[in-house]
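# Observations on chain architecture
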Amino acid sequence: MRRPILAGNWKMNTSLKEAVELVTGLKRELAGVTDADIVVCPPFTHLTTIRDVVAGSNIALGAQNMYIAEEGAFTGEISPKMLKDSGCTYVILGHSERRQYFNESDEFINTKAKKALEHGLTPIICVGETLDQREQGITGKIVTTQIKGCLAGLSESDMLKCVIAYEPVWAIGTGKTASNAQAQEVHALIRSLLTELFSETVAQKIRIQYGGSVKPDNIAGLMQEKDIDGALVGGASLKVSSFAGIVLFNK
Ligand code: PGA
């Protein structure tokens, strides 16, 4: 049985005050949860403040992105070392918005994943097809290329420290969730790729999150699928009631 992992990707949302209120509410509502990993990923500017609020709780801190160098002349970038220093244990890599608006390639995401692992951060590596690609019937091909590219050269022990998020681009922020069966089909494909690239043991251990319009009312169905181990949540992670409702899906 893989331990569920529910992560909130706050994206470029919340004032510092709103962020503190949100995480304070989550801490209160989710204090009793011991059977799942809970992660919040606020904007960079809020990280250290949120770290102090979640200290000693069951909520872990993640960042939404990072650069590949440790330090130096990279104006505007944030290093893995800085994320560690700010209390992060997770980092989302290769989110489709990064791929789409900032031209991130599988190769770049692969380098980021290696750097994150070197610094003891758990990468949440995102993959997923666009609507056009789904309609063309090439979802499997696209996800296969992304998985192979993003995970290239990782050792089995590194891979065991990663989380994968399958997020169909057409389901992100659109209110359109993939059906349970559509999501499961791609999750199963990802797991079979992990067997091929690493081993059956790795494939059975890795957690694969689904992302794309996850809400309190669709999470339970998704979680019933054999290869869905959690969710990466955008919009619904910005309210205490909805993110808590998602984390408490089986209560
Ligand atoms: P959404 O975003 O839940 O708002 O669809 C998910 C994500 O982008 O991670």
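Right above here is the structure, for reference.
Worth saying up front: this structure is predicted, and the values here are computed from it rather than measured.

The next point concerns helix α12 (residues 240-247). Every buried residue belonging to α12 is among S242, F243, A244, I246 and V247, and all of these are buried. Buried residues along α12 sit in contact with β1 (5-9), α1 (16-30), β2 (37-41), α11 (216-223) and β8 (230-233).

Neighbouring the ligand are 13 residues; K11, H95, E167, G173 and S213 lie closest to it. Between an oxygen atom of the ligand and a main-chain N or O atom of G235, the distance comes to 2.8 Å. Expressed as a share of its isolated accessible area of 280 Å², the protein-covered part of the ligand is 95%. Here the shell around the ligand is composed, by residue class, of four nonpolar, seven polar and two charged.

We now examine the state of the cysteines. Using the criterion set out here, one finds zero disulfides in the structure. A disulfide-free cysteine, C126 has its sulfur positioned 9.0 Å from the sulfur of C150, the nearest such atom. Not part of a disulfide, C162 finds its nearest cysteine sulfur in C150, a span of 10 Å.

Turning next to the packing of α1 against α12. In the contact formed by α1 and α12, the axes pass within 9 Å of each other and the chain directions differ by 35°. Regarding α1 and α12, the two cross each other, and that crossing is right-handed. Two secondary-structure elements touch here, α1 through E21, L22, G25, L26, E29 and L30 and α12 through V240, F243, A244 and V247. Residue composition of the contact of α1 with α12, grouped by class: seven nonpolar, one polar and two charged.

Note on aromatic pairs: each is described by the distance of the centres and the angle between the planes. The tally for this structure, following the rule as stated, stands at three aromatic pairs. Taken together, a centroid distance of 4.9 Å and an interplanar angle of 45° make the contact between Y67 and F74 tilted. Owing to a relative accessible area of 18%, Y67 belongs among the buried residues under this scheme. Among the aromatic residues, those joined into a cluster by ring pairs are Y67, F74 and F108.

Pairing is parallel around the closed barrel formed by eight strands, whose spatial order is β1-β2-β3-β4-β5-β6-β7-β8. Between one strand axis and the next, the sheet turns through 25° on average, direction left out of account. Here strand β3 (residues 59-63) runs beside strand β4 (residues 90-93); their pairing, made up of two bridges, is parallel. Bridge pairing in β4 places A63 opposite V91.

What follows is about the environment of I147. Note that I147 resides in helix α7 (residues 139-151). Look past the residues within four positions of I147 in its chain and what remains in contact with it is V127, I164, I190, L193 and L197.

Moving on, we get to the pairing of strand β7 (residues 207-211). Counting buried positions along β7 gives five out of five residues, so the element sits mostly inside the fold. A two-sided burial pattern is seen for β7, the buried positions comprising R207, Q209 and G211 on one face and I208 and Y210 on the other. Examined bridge by bridge, strand β6 (residues 163-166) and β7 share four bridges and lie parallel to one another. By the bridge assignment for β7, V163 is matched with R207. Direction of pairing for β7 relative to β8: parallel, over a ladder of two bridges. Bridge assignment links Y210 to a residue of β8, and that residue is A231. Each parallel crossover has a hand, and the one from β7 via α11 to β8 is right-handed.

Procedures and definitions
- Residues numbered from 1 in each chain as written.
- Predicted model: local features only at pLDDT ≥ 70, side-chain atom pairs only at ≥ 80, totals over all residues.
- Heavy atoms only, no water.
- Buried < 20%, exposed > 50% of the residue type's maximum accessible area, 1.4 Å probe, protein only.
- Helix = DSSP H or I, 4+ residues; strand = E, 2+ residues; numbered from the N terminus.
- Contact = heavy atoms within 4.5 Å.
- Near = heavy atom within 4 Å.
- Polar contact = N/O pair within 3.5 Å; in protein donor to acceptor, adjacent residues only side chain to side chain.
- Areas by Shrake-Rupley, 256 points an atom, 1.4 Å probe, with all protein chains shown as cover.
- Nonpolar A, V, L, I, M, F, W, Y, C, P; charged D, E, K, R; others polar.
- Disulfide = S-S within 2.5 Å.
- Axes fitted to C-alpha atoms, helices over the stretch in contact; angles between N-to-C directions.
- Left-handed = near helix turned anticlockwise from the far one by under 90°.
- Phe/Tyr/Trp six-rings, centres within 6.5 Å; stacked < 30°, edge-to-face > 60°.
- Pairing = 2+ DSSP bridges.
- Right-handed = clockwise from strand over helix to strand, strands pointing away.

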